[in-house]
Amino acid sequence: KDGYFEEAGGFIWWPRVAQQIERPDLTTDERFATPMGQFNPENKEAFNAIWWPWIMERSKADIIKAGQDAHVLCGPLNTIDDLIDDPHWAERNFWVEIEHPVVGKLTYPGAPIKASEMPWVIRRPAPLLGQHNEEIYEKLGYTREDLVKLRESGVI
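Here's a quick rundown of the structure.

Moving on, we come to the overall build of the chain. Helix and strand counts for the chain come out as nine helices and four strands. Counting from the amino terminus, the chain carries its helices and strands in the arrangement β-α-α-α-α-α-β-α-α-β-β-α-α. On C-alpha atoms alone, the chain measures out to a radius of gyration of 26 Å, which is more than a quarter above the 15 Å that the 2.2 N^0.38 rule sets for 156 residues. The principal-axis extents of the C-alpha atoms in the chain amount to approximately 75 × 40 × 30 Å. For the chain, buried positions account for 25% of its 156 residues. Of the contacts made within the chain by residues no fewer than 6 positions apart, 44% connect residues no fewer than 24 positions apart.

The subject of this paragraph is the side chain of Asn43. Here Asn43 is to be found in helix α4 (residues 41-56). Look past the residues within four positions of Asn43 in its chain and what remains in contact with it is Arg31, Phe32 and Gly37.

Under the defined criterion, the tally for this structure stands at ten salt bridges. Taking the shortest distance from any N to any O, the salt bridge between Lys139 and Glu135 comes out at 3.9 Å. In this pair, Lys139 and Glu135 both sit in helix α8 (residues 133-139), four residues apart, roughly one turn of the helix. Of the residues examined, Lys139 reaches a relative accessible area of 68% and is grouped as exposed. Using a relative accessible area of 43% as the deciding quantity, one classes Glu135 as partly exposed. Bridged by salt links that share partners, the residues Glu134, Glu138, Arg144 and Arg151 form one connected network.

Within the largest apolar cluster, 18 residues are counted, with the highest numbers of intra-cluster contacts made by Trp51 and Trp54. If we skip the residues at most four places from it in the chain, Trp54 touches Gln20, Ile21, Glu22, Ile63 and Ala66.

What follows concerns the side chain of Lys60. Relative to the helices and strands, Lys60 is located in helix α5 (residues 60-69). Apart from the residues within four sequence positions on either side, Lys60 is in contact with Asp2, Gly3, Tyr4, Pro76, Leu77, Asn78 and Asp82.

In strand β1 (residues 4-7), alternate side chains face the same way, and those of Phe5 and Glu7 are buried while those of Tyr4 and Glu6 on the opposite face are not. In this sheet, strand β2 (residues 74-77) lies alongside β1 in antiparallel orientation, the contact comprising four bridges. In the strand pairing of β2, Phe5 is matched with Pro76.

Now for a nonpolar patch on the surface. Together, Val102, Val103, Leu106 and Leu128 line one region of the surface with nonpolar side chains, adding up to about 330 Å² of accessible area. Here Val103 shows up in the loop between β3 (95-100) and β4 (104-109).

The rules behind these values
- Residues numbered from 1 in each chain as written.
- Predicted model: local features only at pLDDT ≥ 70, side-chain atom pairs only at ≥ 80, totals over all residues.
- Heavy atoms only, no water.
- Helix = DSSP H or I, 4+ residues; strand = E, 2+ residues; numbered from the N terminus.
- Rg over C-alpha atoms; globule rule 2.2 N^0.38 Å.
- Buried < 20%, exposed > 50% of the residue type's maximum accessible area, 1.4 Å probe, protein only.
- Contact = heavy atoms within 4.5 Å.
- Salt bridge = Lys/Arg side-chain N within 4 Å of Asp/Glu carboxyl O.
- Core = buried A, V, L, I, M, F, W, Y, C linked by side-chain atoms within 4.5 Å.
- Pairing = 2+ DSSP bridges.
- Patch = residues over 30% accessible without salt bridge, like charges linked within 9 Å, V, L, I, M, F, W, Y side chains within 5 Å.
- Areas by Shrake-Rupley, 256 points an atom, 1.4 Å probe, with all protein chains shown as cover.

Here you go:
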């Protein structure tokens, strides 16, 4: 209903997937429970007739919860908005706002690990295009004259 997710599949996972979609009657169905059945194109259509209606009437969160309850390896495919609005990240104060010199205030990912003995503070925005050219090119052995020539020729 609200996006995409990824899930482990295949005959090894089939009993768990059947449990996830609340269809234990399909656990031993030869069309889905065997490798040969799963590789048969006709059975794929039969599976899709069961699978698609089930997922289309549920949210990502509902599908993931059902998968976790059935011990199916699955997870959401999040958009940027999903991540920014995620209560888990908000609780951890993961996102930080930093003033960018061109576009103003932006939201950036913060420290992936928070520990009192390991402070990590994001203090500056991502660099502007070419902001560190001189520093980088000089470390690579280019002279200031080389940089002037590269700029004049449009290389940088």
